[in-house]
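# A closer look at the structure
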Amino acid sequence: MKLALASGDLTLQKCDLLLVPVFESDLAGGAKKAPAPLAALDAALGGLVFRVAAEEQFRGKADSSLTLQSHERLPAARVLLLGLGARQSFAPEALRMAAGKGAKAARRVGAATVALALPDVREIAGCVEAAAEGLLLGAYRFDRYKTGEKDKPARETRQANLLLPAKTPKSRELADALAWAERVCEATNWARDLVNEPANQLGPTDLALAARQMAVDGKLKFEALDQDKIEALRMGLFMGVAQGSAEGPQLVHVWYEPAGGGGKKQAKAKTKPVVLVGKAITFDSGGLSLKPTDGMVEMKTDMAGAAAVLGAMKVVAQLQPPFPVHAFLGACENMPSGRAYRPGDVLVSRLGKTVEITNTDAEGRLVLGDVLAWANELEPAILVDVATLTGACVVALGNYITGVFGTDDAAVWEVLEAAKGCGEEMWRLPISDLQRESLKSEIADLKNTGDRWGGAINAAMFLREFVGQTPWVHLDIAGTSTSPKERGYYAKGATGHGVRTLAALVRARMAPKA
Ligand code: BES
Ligand code: MN
Ligand code: ZN
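The paragraphs below set out a description of the structure included in this document. Since the model is a prediction, treat every value here as computed from it, not as a measurement. (Residues numbered from 1 in each chain as written. Chains lettered and ligands numbered in written order. Predicted model: local features only at pLDDT ≥ 70, side-chain atom pairs only at ≥ 80, totals over all residues. Heavy atoms only, no water.)

## With respect to the overall build of the protein chain
Just so we agree on the cut-off: Helix numbering and strand numbering both begin at the N terminus, where a helix is a DSSP run of H or I of at least 4 residues and a strand a DSSP run of E of at least 2. What the globule rule says is 2.2 Å times the number of residues to the power 0.38, and the radius of gyration is computed from C-alpha atoms. Each residue gets one of three labels from its accessible area relative to the maximum for its type: buried under 20%, exposed over 50%, partly exposed in between, using a 1.4 Å probe on protein chains only. By definition in these notes, contact holds between two residues if any of their heavy atoms fall within 4.5 Å. Charged-residue counts in this description rest on Lys and Arg as positive and Asp and Glu as negative, His and the chain ends being excluded. Positions of charges follow a simple convention, taking NZ of Lys, CZ of Arg, CG of Asp or CD of Glu.
Along the protein chain, the regular secondary structure elements total 17 helices and 19 strands. Whereas a compact globule of 514 residues would reach a radius of gyration of roughly 24 Å, the protein chain reaches 24 Å, a difference of no more than 12%. When its C-alpha atoms are laid out on the principal axes, the protein chain stretches across 80 × 50 × 45 Å. The buried share of the protein chain, reckoned over its 514 residues, is 57%. A sequence separation of at least 24 residues applies to 77% of the contacts in the protein chain between residues at least 6 apart. Separation between the mean location of the 61 positive side-chain charges and that of the 59 negative ones in the protein chain comes to 5 Å.

Dropping the structure here:
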């Protein structure tokens, strides 16, 4: 889908589908009190906008919509009114959601060309960004394995024009907002594909290859270490998890360096890097602590953290920040077999800390423990990990809010701020030493699982053991990495959650506030 900024009258837009976001108050007072563009649209359609809205009880509430056929009274073939909710409580996310709904409608009716009327609010650049993102993310489908014709849209949406409100000139700022949205969405949809890809099509080696291809395309540096090298790095926790699978693990490192930079050593000598780590379990069966089928069927998505981190690197490659950005993934499968690690085993981590395995299904924290320790050797300015880590986090925050953990308030704040601006909802949860005792082992330094209660905290507490004093933030995306249903700009399945926040985090660091 190609996007462009445009201006002009709603009633003169020639397109297959005209998307018109409306506030509740736009409809409440009837045609006479409606904002000028909506009143004009109503007049052109002979009063049908307000009449049908009343008949269908469409009031402009968030997530509601109303279709009108123009029957040649307008150059646009169809009009779709999209509810934004109350004007007073408007945030760009409402527009992002509405635009997503619009993109899905466009696909359903086979609209090749679309125009979307931006609401007349003050934050116009934010609206351009949100509307563009809603359209691009909303148009996403994962239909690679659908062979029937009826599952494919008759016509893809080729062109979408974003109509600026009257008297809003095009500007550099608005063009930049659009360009940003395009980059971030391309990366997010790419990440969504990785997550939706079944585990038999995307194992550790495939994931490493996808990362390499992305790195080559984006002129990023790339390195992947195989089993022998991982062993040489004494990553006993990572090796323990990986050993049950027929396919070997891959330790993937993708990085960006500002022009003139050198290798790992030089990056350290100059500006401190931003370092990202993603959980990359391409399939989590639970291992010998096997998951029941219902819980296992979605576990191809257990590499969503890695996909988010790689998606962010795709944006970083274009952003070209003046500081280095590194991404690390410990990619492997968690499988039961005659070679699998067992409950009761003691593993020795890269840091030397020993871990008694009490549940082989708590594998993410083990791999992350070693990979975080390795990443931490770069002395990051900020270290962020993204992981589908615990069911407990889903119980706590549901499917739409990511859990944020960290002991460095400033770093946590920075991530929350980045998230807020881009519509990825996150909420900080505590790491409390009140629970520290539950990770104590009789025979080793740590157990890999604690009490059931506060399970997301236990996992974060485990990770904390491997990051030293570095400003570190852990994002538990077990709930947000997939959407249980179609919603706004989300399709059922992978969301790409994390890409936008991480990209925004890097961007914010490029223009530090005074
Ligand atoms: N990958 C799962 C967590 C998960 C659950 C992700 C649901 C997405 C949706 C993780 O490896 C896991 O199995 N965690 C266990 C930990 C427990 C054994 C302490 C869990 O949450 O049940
Ligand atoms: Mn698990
Ligand atoms: Zn897992």
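## Describing unusual backbone geometry
Glycine aside, the phi torsion of most residues is negative, and most peptide linkages are trans. Although it is not a glycine, R234 adopts a positive phi angle of roughly 60°. By the secondary structure assignment, R234 is in the loop between α8 (227-232) and α9 (236-242). Of note in this structure, Q320 is not a glycine but carries a positive phi near 50°. Note that Q320 resides in the loop between α12 (304-319) and β10 (325-334).

## Observations regarding the sheet that holds strand β11 (residues 346-348)
Condition: By definition, two strands form a pair when at least two bridges between them are found by DSSP.
Reading across from one edge, β11-β12-β16 is the order of the three strands in this open sheet, with mixed pairing throughout. If you trace the sheet from one side to the other, it starts and ends with β11 and β16 (446-447), each paired once. Looking at chain direction, β11 and strand β12 (residues 354-356) are connected through three bridges and run antiparallel. Residue pairing in the sheet places L347 in a bridge with V355 of β12.

## Quick look at the coordination of the manganese ion (ligand 2)
Formally: For Na, K and Ca the donor cut-off is 3.2 Å; for every other metal, N, O and S atoms count as donors within 2.8 Å. Water does not enter the count, which can leave sites looking incomplete. For a four-donor site, all angles between 85 and 135 degrees give tetrahedral; for four or six donors, opposite pairs above 155 degrees with the remaining angles between 65 and 115 give square planar or octahedral; all remaining cases count as irregular.
Around the manganese ion (ligand 2), the donor atoms from the protein are D284 (OD), D361 (O), D361 (OD) and E363 (OE), and they sit 2.1 to 2.2 Å away. The coordination sphere of the manganese ion (ligand 2) comprises six donor atoms, whose angles at the metal cover 71 to 168°; the geometry is irregular. Donor residues for the manganese ion (ligand 2), ordered by position in the chain, follow D-x76-D-x1-E. In this model, the manganese ion (ligand 2) sits 3.2 Å from the zinc ion (ligand 3), the two metals being bridged by D284. Linking D284 in strand β9 (residues 274-284) with E363 in the loop between β12 and α13 (364-376), this pair joins segments that are 79 residues apart in sequence. Residue D284 shares its accessibility class with E363, and that shared class is buried.

## Here we look at the site of ligand 1
Rule in force here: Any residue with at least one heavy atom within 4 Å of a molecule or strand is counted as near it. By the criterion applied in these results, polar contacts are pairs of N or O atoms within 3.5 Å in which, for protein atoms, one can donate a hydrogen and the other can accept it, and in which residues neighboring in sequence qualify only through two side-chain atoms. With residues, only the protein chains shown are counted as cover, and all accessible areas are computed by Shrake-Rupley using a 1.4 Å probe.
Taken together, 15 residues surround ligand 1, and among them K291, D302, D361, E363 and G391 come closest. Between K279 and ligand 1, the recorded distance is 3.2 Å, taken from a side-chain N or O atom to an oxygen atom. In the model, an oxygen atom of ligand 1 is placed 2.7 Å from a nitrogen or oxygen of the G391 main chain. Contact with the protein chains removes 75% of the 520 Å² of surface that ligand 1 exposes when unbound.

## Here's the deal with the packing of α13 against helix α16 (residues 455-464)
The following threshold applies: Throughout, an axis means a line fitted to C-alpha atoms (over the contacting stretch in the case of helices), and angles, computed between N-to-C directions, take values from 0 to 180 degrees. For classification purposes, angles smaller than 35 degrees are called roughly parallel, those larger than 145 roughly antiparallel, those between 65 and 115 roughly perpendicular, and all remaining angles oblique. By convention, the crossing between two helices is left-handed when the near helix turns anticlockwise from the far helix through less than a right angle, and right-handed when the turn is clockwise. The residue classification treats Ala, Val, Leu, Ile, Met, Phe, Trp, Tyr, Cys and Pro as nonpolar and Asp, Glu, Lys and Arg as charged. All others, Gly included, are polar.
Their axes nearest at 9 Å, the elements α13 and α16 cross at an angle of 30°. By the angle between their directions, the pair α13 and α16 is classed as roughly parallel. Taken as a pair, α13 and α16 cross one another with a handedness that is right-handed. From α13, R365, L366, L368, G369 and L372 reach across to α16, where they touch N458, A459, F462 and L463. Here the residues of the contact of α13 with α16 are counted per class, giving six nonpolar, two polar and one charged.

## Details of the pairing of strand β5 (residues 113-117)
Filter applied, for reference: Crossover handedness is defined by viewing with both strands directed away from the observer: a clockwise path from the first strand over the helix to the second marks the crossover as right-handed.
Counting buried positions along β5 gives four out of five residues, so the element sits mostly inside the fold. The pairing of strand β2 (residues 17-22) with β5 spans three bridges and is parallel. Residue pairing in the sheet places L19 in a bridge with L116 of β5. Where β5 meets strand β6 (residues 159-163), five bridges bridge the pair, whose relative direction is parallel. Opposite A117, over in β6, you have L163 as the bridge partner. The handedness of the β5 to β6 crossover, carried by helix α5 (residues 124-138), is right-handed.

## Details of the coordination of the zinc ion (ligand 3)
For the zinc ion (ligand 3), the full set of protein donor atoms is K279 (NZ), D284 (OD), D302 (OD) and E363 (OE), and the range of their distances to it is 2.0 to 2.4 Å. As a motif over one chain, the donors of the zinc ion (ligand 3) read K-x4-D-x17-D-x60-E. Overall, the relative accessible area of 3% leaves D284 in the buried class.

## Comments concerning the packing of aromatic side chains
Put simply, the test is: Centres within 6.5 Å are what make two rings of Phe, Tyr or Trp a pair, Trp counting through its six-membered ring; a difference in plane orientation under 30 degrees is then read as stacked, over 60 as edge-to-face, and the rest as tilted. A ring has a charge above it when a Lys NZ or an Arg CZ is no more than 6 Å from the ring centre and no more than 35 degrees off the ring normal.
Inspection of every chain in the model, using the stated rule, returns four aromatic pairs. Here F23 and F90 contribute two aromatic rings whose centre-to-centre distance is 5.4 Å and whose plane-to-plane angle is 90°, an arrangement assigned as edge-to-face. Pair noted here: F23 is in the loop between β2 and α1 (24-28) and F90 is in the loop between β4 (78-83) and α4 (92-109), with a separation of 67 residues, a long-range link. Exposure remark for F23: the relative accessible area of 1% places this residue in the buried category. The class for F90 is buried, based on a relative accessible area of 17%. Look at F462 and F466: their rings are 5.3 Å apart centre to centre, the planes differ by 40°, and that puts the pair in the tilted class. Given a relative accessible area of 0%, F462 falls into the buried group. The residue whose ring lies beneath R487 is Y400, and the NZ or CZ to ring-centre distance is 3.9 Å. Over the ring of W180 we find R507, and its NZ or CZ is 3.9 Å from the ring centre.

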